[in-house]
Amino acid sequence: MADLRTSFAGIAAPNPFWLASAPPTDKAYNVARAFRAGWGGVVWKTLGEDPPIVNVSSRYGGISYNGTRIAGFSNIELITDRPLQVNLDEIKQVKRDWPDRAVLVSLMVPCTEESWQRILAQVEDTGCDGVELNFGCPHGMSERNMGSAVGQVPEYVEMVTRWCKQHTRMPVIVKLTPNVTDILAPAAAAQRGGADGVSLINTVQSITGVDLDLMAPEPVVDGLGTHGGYCGPAVKPIALRMVADIARALPRLPVSGIGGISTWRDAAEFIALGAGSVQVCTAAMHRGFKIVEDMIDGLANWMDGKAYRTIDQVRGRAVRNYVHWNDLNLNYKTIARIDQSLCIKCGLCHIGCEDTSHQAIAALRIDGTRRYEVIEAECVGCNLCYLACPVDGCITMVRQETGDAAMTWEQHPNNPLRKEQAA
Amino acid sequence: MTEIGDIAAGRLDTAQLAAHFADAHPPPSPAQAVVEANRCYFCFDAPCVEACPTGIDIPAFIRKIATGNLLGSAQTILTANILGGSCARVCPTEELCERACVHTAQEGKPIQIGALQRHATDWLMDRGIAPFTRAEPTGRRVAVVGAGPAGLACAHGLALHGHDVTIFEAKPKPGGLNEYGIAAYKVADDYAQREIGFILAIGGITIEYGKALGCDITLDALRQDFDAVFLGIGQAGVRALGLENETMAGLRDAIDFIAELRQAPKDRVAVGRRVVVIGGGNTAIDAATQARRLGAEDVTIVYRRGPEQMTATDDEQAWAQTNNVRIRHWAAPVRLISGVAPGTQHATVTSVEFARTTIDAAGRLILTDARFVLAADMVLKAIGQHFRPDPLGAMLALQDGRIAVDDDRRTSLPDVYAGGDCVPGPDLTVVAVQDGKRAAAAIHRQFGG
């Protein structure tokens, strides 16, 4: 059986599945339920200075896609709205009750060294395993010059990280906002400031929808809306890219992956692209903590099937194959193949290709029976039909032997800037 | 139990009867409809559309349900099939659109197209929305004979173009088989009449009741008085068993029984304690199942061939069996056995003798010497109807015993069109609607439209 134990930035946990700093980790009650369900760790919902902030009523927006609820999720909730000492007392008790689990504490205070110094001392006293600096919250707190207002300025990220490393012996994780042009800038700044790791992504600035009766953005608060932070399955591709960019460019910086992770497969993908732990929120809010059961044994079973014994053997394994576009082989060629015995005649392969792509799938009638056939000369191997086909295995993309050696754009004769081959 | 001629009304109390004759297949909830609509792949060249005799753009109307555009969805349906509401209830979808659905090929669970069609059309009708506007009156006048699905569809199509339509209907109510010939629980809550109200709201259509072709009106006179004539007169003839004493008490045409169930209060409809239904079509199923639901103890359908040859669909056969109707195949009635009930004078049926049947080397159905007898207080004959050409006055060419028509549903006379069960083809409501629709379009073209 695969060993799922992890040590992330020196923080041990029985498995890589942590609950992200969010509503599920706001109270001892919830966290204890999570640990009983099997979660490997939590990042306690962000603490701030007293007096506590005030949250609004109507906090979440959701995207239902073709009947699938919460395909995307957004929130306009702020950090914890409970008094600091209440949280600190609960954290201390939880860590005492669950010594084998990772308990990190998310923090967000004003951008002064004294504020960070003060709260770090209080948090250290709880016996928790580390802190996560919330430089990601994209709504509300950012209007108060905290959260993503810090995370969007690499110099601030570096400065605050350095303060924290000076004032605590606990591991310091920096949580990054995706609401930047280049995720490497704040990630590198965190590393320069001495961060023990980064976690990402925090939520994406968003409006999930518009109430067309009220003519107000959702979620609606008394007739008005504000932008929120978007998360859930819909953001996973964005998160994967950012995690992979950091893993590729800053290979020694531990990364805790966050963003739409709902299943063991999602987790395996984040780990393959460099994540040393993964953090989950939306999936748990949608279906409860029990989902971790499948995450744990699903990941272990998959690892067993691939003969991976430890998470470290999986971690980063796909990073070496994550390259720049210019490194792709332009002589690689695939063509769609339709298994006629599986075809159900929905015609989706044809109409997508015909209307929007390469006119490479013919719609035929043979003795009155529909038949969809690939026109190989026209097929560019784009995958559209393969993706649209509702039948697993009906359309496959088959590699064509061109006989040509691999050639990148750097080498291609059409590239006016190509590097001349040495004579 | 030796009682003779036990035929009685009110075998069940009114609450039981109300439950037994309520909507047999209630509509999906709005939530169910959206979930189901989202299963649809929105196929290109969708096989379901091709399988629909009226060619409803099924993927389009289903997508509109999924997006909450129910008005648009209903318009898509009704543009192709003005009786889309009753077709949603009575169509053998499992043999048409739902059989063709690609989900049937993929996982054996087609989109519930009929239920979704009902969802959209009910939404519109429940709100009293009139989705169509009549064109300016043209002054052209068309006579439609028969207010069944074919006649109504034709009348609506013509009225839409501004032509004036007079429908001549022999019965006191419109609807044809929708009103008289279909099991009550398939079109519950007076749906047939509500739908007709919706159709007639287009304007320009008047109906004259009690006007039967060949009796009160003639084709000749109609041709003189109107610019065109559409015949949707159905099949008036009922086949007989060909047995001795077929008119004895206890025997009845299934279509009369079905019609009475639609017109009379259920507690006034008499049914035998033991019922034998002879036939293999949906009429046999409707009669037998409704007999059970009226409170008959023992109901048996006897069909002279096997289950594959029954014109009743598999779903209909299963529905009957779910209602505890027994179906016996490969037997034909050879003798009616009668008795005299105590205190009465006349003979009434007490049982039916059947001969087991088989197929001979030439493929013909033959009776064997093997016999069995089924006790029956009531025998319902459901062995089919046929077209009676005599009301036409021998003016029209026939084909296969029905009125010959071309693709436009035009008969051998240039100003006379026909459709529905009186022309060759499947006897389905949806086919009748398509006939009426095609004829209306052709008549409109003939008028220079």
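Just so you know, these numbers come straight off a predicted model, no measurement behind them.

What follows is about the pairing of strand β6 (residues 68-75) of chain A. Residue and element names in this part refer to chain A. The sheet contact formed by strand β5 (residues 60-65) and β6 spans five bridges and is antiparallel. Along β6, the bridge assignment pairs Y65 with T68. Counting the residues between successive antiparallel strands, the hairpin from β5 to β6 contains two residues, one of them, N66, with a positive phi of roughly 50°. With three bridges joining them, β6 and strand β16 (residues 228-231) adopt antiparallel strand pairing. By the bridge assignment, S74 is partnered in β16 with Y230.

For the rest of this paragraph, the subject is the domain arrangement of chain B. Residues and elements named next belong to chain B. Annotation of chain B at the domain level lists domain 1 (7-21 + 238-384), domain 2 (40-126) and domain 3 (141-236 + 387-446). In terms of residue count, the dominant contributor to the side of domain 2 that touches domain 3 is helix α6 (residues 84-90) (five residues). Split into classes, the residues belonging to the side of domain 2 that touches domain 3 amount to seven nonpolar, four polar and one charged.

Moving on to helix α14 (residues 254-263) of chain B. Every buried residue belonging to α14(B) is among B:A254, B:I255, B:F257, B:I258, B:L261 and B:R262, and all of these are buried. Along the axis of α14(B), the buried positions cluster into a sector of 160°, meaning they face one direction only.

This part is about helix α4 (residues 58-66) of chain B. One full turn of an α-helix is made of 3.6 residues, so residues set three or four places apart face in the same direction. Residue and element names in this part refer to chain B. Along α4, seven of the nine residues are buried, which leaves the element largely enclosed by surrounding structure. I58, P59, F61, I62, K64, I65 and A66 are the residues of α4 that are buried. In this structure, the buried side of α4 is in contact with α2 (30-39), α3 (47-51), α5 (70-80), α7 (97-100) and α9 (113-126). Directly after α4, the chain includes G68, whose backbone phi takes a positive value near 85°.

In terms of nonpolar packing, the biggest core is built from 150 residues, with B:F230, B:V275, B:V277, B:A287 and B:A288 touching the most fellow members. Sort the elements by how many residues they give to this core and helix α17 (residues 429-446) of chain B lands first, with eight residues. Those residues in contact with B:A287, other than ones at most four positions away along the chain, are B:A254, B:F257, B:I258, B:V277, B:L380 and B:A382. With 99 residues, the next largest nonpolar core counts A:I70, A:V157, A:A268 and A:M295 among its residues.

This next bit is on the packing of helix α10 (residues 149-160) of chain B against α17(B). All names here are of chain B. Packing of α10 against α17 brings their axes to within 7 Å, and their N-to-C directions diverge by 35°. For the element pair α10 and α17, the recorded crossing hand is right-handed. Within the contact between the two elements, α10 uses P149, A150, G151, L152, A153, C154, G157 and L158 and α17 uses T429, A432, V433, D435, G436, K437, A439, A440, A441, I443 and H444.

Time to look at the interface of chain A and chain B. Tallying the contact residues gives 13 residues for chain A and eleven residues for chain B. By residue number, the principal contributor to the side of chain A that touches chain B is helix α12 (residues 348-356) of chain A, which donates three residues. Looking at side-chain class alone, the side of chain A that touches chain B contains seven nonpolar, four polar and two charged residues.

Attention now moves to the packing of helix α15 (residues 282-294) of chain B against helix α16 (residues 314-322) of chain B. Packed helix pairs are characterised by how far apart their axes lie and by the angle those axes make with each other. Residues and elements named next belong to chain B. Where α15 contacts α16, the two axes come as close as 10 Å, and the packing angle between them is 15°. Relative to α16, the element α15 lies roughly parallel. Considering the relative orientation of α15 and α16, their crossing is left-handed. Contacts between α15 and α16 involve N282, I285, A288 and T289 from the former and E316, Q317, W319 and A320 from the latter.

Once that is clear, we can look at the sheet that holds strand β18 (residues 275-280) of chain A. Residues and elements named next belong to chain A. Pairing is parallel in the closed barrel, where eight strands are placed in the order β3-β4-β7-β8-β9-β10-β17-β18. With direction set aside, neighbouring strand axes in the sheet form an average angle of 25°. Here strand β10 (residues 197-200) runs beside strand β17 (residues 255-258); their pairing, made up of three bridges, is parallel. Each residue of the ladder has a partner; that of S199, found in β17, is S256.

Thresholds, definitions, all that
Residues numbered from 1 in each chain as written. Chains lettered and ligands numbered in written order. Predicted model: local features only at pLDDT ≥ 70, side-chain atom pairs only at ≥ 80, totals over all residues. Pairing = 2+ DSSP bridges. Helix = DSSP H or I, 4+ residues; strand = E, 2+ residues; numbered from the N terminus. Domains from an automatic or database assignment. Nonpolar A, V, L, I, M, F, W, Y, C, P; charged D, E, K, R; others polar. Buried ≥ 20, exposed ≤ 12 C-beta atoms within 10 Å, placed from the backbone. Arc of directions from axis to C-beta. Contact = placed C-beta atoms within 7 Å. Core = buried A, V, L, I, M, F, W, Y, C linked by C-beta atoms within 7 Å. Axes fitted to C-alpha atoms, helices over the stretch in contact; angles between N-to-C directions. Left-handed = near helix turned anticlockwise from the far one by under 90°. Parallel < 35°, antiparallel > 145°, perpendicular 65-115°, else oblique.

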